[in-house]
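Structure assessment
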Amino acid sequence: MKEIIALLLFSSIFMGPARAQKKSPVNNGDKRIELFNKHIRQKKESSFSDLHWQFVGPKNISGRCTDVEVLAPKGKNYTIYVAAASGGVWKTENEGTTWFPLFDQQASTSIGDIALDPGNPETLWVGTGEANIFRSSQSGSGIYRTDDGGKTWKHMGLSNTLTISRIIVHPGNSDIVYVAASGHEWTRNKERGVFRTTDGGNSWEKILFIDDLTGAIDLVIDPLQPDVLYAATWQRIRKKWNDPRIEPGYNNSGIWKSSDGGDSWKQINKGLPEAKFRGRIGIDIARSNTNVLYAFVDNYEIAYENYNSEETDSYGRPKGGVIKGACIYRSDDKGENWTPVSGQNEDMKKYMEDHSSTYGWVFGQIRVDPGDENTIYTMGLGLNVSTDGGKNFKQLSGMHGDHHGLWIDPDNTNYLVNTNDGGIYISYDKGGNWRSFTDRLPLVQFFNIAYDMDKPFRVYGSIQDHLSYRGIIDLSRGKDKVRPVDFEPAPGGEGCSHAIDPTNPDIVYSAMFYGTISRSDLSKTWPEGYKNLLPVTFADEDKLRGQWVAPFIISPHNNEIIYHAMQYVFRSENRGDTWERISPDLTHNNKDKLGDIPFQTIVALSESPLKYGLLYAGTDDGRIHVTKDGGISWTEISKGLAKDKWISRVIASKYELETVYLTQNGKRDDEFAAYVWKSTDMGKTWHDISSDIPLGPVNVIREDPIDRNILYLGTDAGVYVSKDKGENWEVLGDLPSTYVHDMIIHPRDNVIVIATHGRGMWLMNADRINGGKHQRSRWY
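Below you will find a few notes about this structure. (Residues numbered from 1 in each chain as written. Predicted model: local features only at pLDDT ≥ 70, side-chain atom pairs only at ≥ 80, totals over all residues. Heavy atoms only, no water.)

We now examine the nonpolar core. Judged by nonpolar contacts, the single largest core of 41 residues is most densely connected at Val89, Ile114, Leu124, Val126, Tyr616 and Leu662. Contributing elements (two or more residues each) for this core: helix H2 (29–45), strand E3 (80–84), strand E6 (111–117), strand E7 (120–128), strand E44 (624–627), strand E46 (646–652), strand E47 (660–665) and strand E48 (675–679). Here the element with the most residues in this core is H2; it accounts for four residues. Judged by nonpolar contacts, the second largest core, of 26 residues, contains Val220, Trp234, Ile268 and Tyr329. (Core = buried A, V, L, I, M, F, W, Y, C linked by side-chain atoms within 4.5 Å. Buried < 20%, exposed > 50% of the residue type's maximum accessible area, 1.4 Å probe, protein only. Helix = DSSP H or I, 4+ residues; strand = E, 2+ residues; numbered from the N terminus.)

Shown next as structure tokens:
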């Protein structure tokens with residue numbers, strides 16, 4: 001026995017630590033709530049809790065909003081609640097003059113729907129998890145209720161639904177609430193369908209369930225006969241390589257009716273397209289004539305084949321057969337029969353085909369004017385209105401695009417409140433003119449952040465549905481008194497990485513979505529100062545695959561050298577004028593997982609600041625490779641990591657040659673563990689350093705530019721800091737709960753700037769953490 005103990009002791013001392021142990025996934029909603037509550041406790045107990053995050057902008061742009069509720073009657077009340085796709089719930093009590101956030105400390109600030117209690121103006125229900133399941137949608141954590149106008153909140157369950165598309169409060173009994181849950185975005189689950197509570201949310205029963213791929217996407221109640229309910233079901237799943245779509249065997253999308261408060265249901269699809277062609281469906285009832293219903297169907301029937309191989313869709317992908325798309329149906333007998341009303345002439349047929357572009361599954365909202373059964377509004381790329389029961393439509397102008405919510409004043413139907421990807425808008429004349437609040441609702445959804453070395457320096461970022469912007473970080477009043485600024489347009493697109501030449505802030509590398517890359521000289525006018533840099537391939541080579549936000553970097557050793565990643569790594573030694581492919585396909589390259597969304601791509605790239613040619617490349621399908629010789633040979637170093645999980649970041653240490661940090665993200669598996677890894681031998685072994693981080697997903701890790709022991713981490717809940725190389729972590733500062741997608745620590749000015757997906761950019765004085773002992777002369 002003594003020999004065995006001695007051998008074990010010898011092994012632990014001289015043979016080093018074992019490979020990382022398998023980490024348990026977090027895919028249970030209740031467990032997620034428990035772990036988030038632990039995060040909140042850590043935030044309060046953190047030694048950094050008194051440090052302040054400062055909002056720096058943009059203050060001239062807002063972001064995607066999904067729903068709106070207005071306290072009626074208008075004129076006696078000026079209270080509006082707005083639901084942000086990933087920025088929580090906001091309230092105004094003076095019709096938009098000022099706004100304030102209500103939902104800053106919840107497990108999810110992605111909002112699918114909100115509903116005021118008709119019987120209690122202080123009670124608001126909030127369903128978390130955006131049901132539009134766009135690429136930037138975030139999952140929810142169930143349903144919440146406030147009984148004091150948003151001062152306090154109580155979690156009321158349904159934490160495993162992850163998306164909530166509609167909430168209906170019974171008009172005569174506040175204890176009865178119905179919820180439409182569309183289900184997990186990426187995986188099958190049974191917590192979807194229509195749910196009902198009869199005790200104010202203390203317990204729930206599932207009253208309409210089809211299967212683990214079919215959820216409820218819309219729900220309406222008859223205002224005169226509240227036992228009559230109509231529900232729209234949607235069979236769908238998002239794959240990593242395909243948008244949600246009709247797939248072989250799908251036949252469960254349709255409309256259902258209950259006449260007994262949800263106890264029983266029957267299908268009412270007579271006159272609608274065949275089940276195999278029905279996608280997402282939106283429904284509404286005419287309050288002026290409750291016999292009348294409208295359905296907005298994303299119809300996958302082929303309108304005509306497209307034989308032009310050069311024609312592309314909104315994202316530059318080859319365009320296939322054109323589907324009928326947005327189709328409006330009307331019922332005059334409470335849903336027993338449906339009649340198509342839209343697209344009955346050639347002009348309107350084309351109009352409806354273009355209504356939702358190539359992503360009709362994002363849209364589906366329809367509203368009937370409360371005073372006129374023939375006036376309807378549909379939401380797609382634009383906000384559309386018909387005054388003849390859906391036969392003809394026109395688009396209302398004066399707003400941002402991509403529309404998701406509309407409130408019509410039942411007492412004055414000229415008064416409209418609309419939500420879209422640009423925020424919230426109010427019209428007093430039935431859509432003739434609009435008032436916006438882009439300067440008062442800071443809900444910008446950044447994908448990333450980059451910086452230059454100008455004085456003062458600028459930050460760059462790409463924004464959901466707003467292309468790319470940049471803003472000055474003005475430190476003239478001190479690092480603790482930074483004011484927010486307007487941002488200005490910058491080179492690049494909506495899903496875009498940026499890299500700025502450290503020796504010349506006018507030279508900006510940027511990209512549109514899916515891996516295109518360009519170089520802009522801002523000292524020159526367009527197009528003289530612009531050059532497309534996308535590497536070319538031969539006809540017999542695989543087509544290049546670039547992720548929505550594909551990475552490229554400037555070498556820390558030579559600003560003329562840039563690296564760009566698709567499924568291969570490319571290197572240019574002349575600022576992108578010519579390219580050399582320096583890697584094989586570093587993904588699994590599984591042909592069964594190639595679709596219309598690029599997948600199996602490189603999403604994380606880092607070169608060691610200590611050694612030229614020491615590169616790490618991580619992929620969206622969970623592989624990580626290293627080259628020590630500038631790409632001549634590559635070695636996979638994935639063993640010990642979470643299998644097949646998206647590599648959200650890899651960082652080669654600027655202090656220790658063989659040290660590398662890596663994070664993984666389970667969002668696309670509907671999974672929420674914190675995956676944070678460290679290797680001190682260039683990836684031969686990986687060690688889990690996430691011990692004090694209760695919850696992910698994790699999006700970014702950074703080293704401090706001054707103190708070699710300090711690390712920073714950005715998650716879907718906030719920012720963490722470690723002062724001992726990842727052995728222990730604490731929550732950093734007073735940031736609201738938000739999705740921290742990226743961060744930089746400026747090496748000269750020693751400030752941290754984070755890019756959030758839903759609350760814009762924020763800054764912290766890093767002197768408060770690292771002491772500001774000295775300034776680095778290098779830009780990286």
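Helix length check: H2, at 17 residues, gives a terminal C-alpha distance of 25 Å against a target of 24 Å (1.5 Å per residue), a fit within 8%. The inward-facing, buried residues of H2 abut strand E8 (143–146), strand E9 (154–155), strand E52 (719–722) and strand E53 (730–731). Capping the start of H2, Asn28 holds a side-chain oxygen 3.0 Å from the backbone nitrogen of Asp30, two or three residues further along. (Expected span 1.5 Å × (residues − 1). Contact = heavy atoms within 4.5 Å. Polar contact = N/O pair within 3.5 Å; in protein donor to acceptor, adjacent residues only side chain to side chain.)

Okay, the environment of Trp434 next. With respect to the helices, strands and loops of the structure, Trp434 is situated in the loop between strand E28 (423–427) and strand E29 (435–436). Residues contacting Trp434, with those up to four places away along its chain left out, are Leu383, Leu396, Ser397, Gly398, Met399, Leu416, Asn418, Tyr425, Ile426 and Ser427. Polar contacts involving the side chain of Trp434 include one to the main-chain carbonyl oxygen of Ser397, which spans 3.3 Å. Looking at Trp434, its side chain comes within polar contact range of the main-chain oxygen of Gly431, at 3.1 Å.

On to the pattern of salt bridges, then. Taken as a whole and assessed by the stated rule, the structure comprises 48 salt bridges. For Glu656, the salt bridge is made with Arg708, and the minimal N-O distance between the two is 3.8 Å. Of this pair, Glu656 sits in the loop between E46 and E47 while Arg708 sits in the loop between strand E50 (698–703) and strand E51 (711–715), placing them 52 residues apart in sequence. The class for Glu656 is partly exposed, based on a relative accessible area of 23%. (Salt bridge = Lys/Arg side-chain N within 4 Å of Asp/Glu carboxyl O.)

One open sheet holds the four strands; their spatial order is E18-E19-E20-E21, and the pairing between them is antiparallel. Either end of the sheet is taken by a strand with one partner, and the two such strands are strand E18 (278–285) and strand E21 (339–340). Of the strands in this sheet, strand E19 (293–304) and strand E20 (322–331) touch helix H3 (residues 346–354), which is tilted by about 105° from E20. (Pairing = 2+ DSSP bridges. Axes fitted to C-alpha atoms, helices over the stretch in contact; angles between N-to-C directions.)

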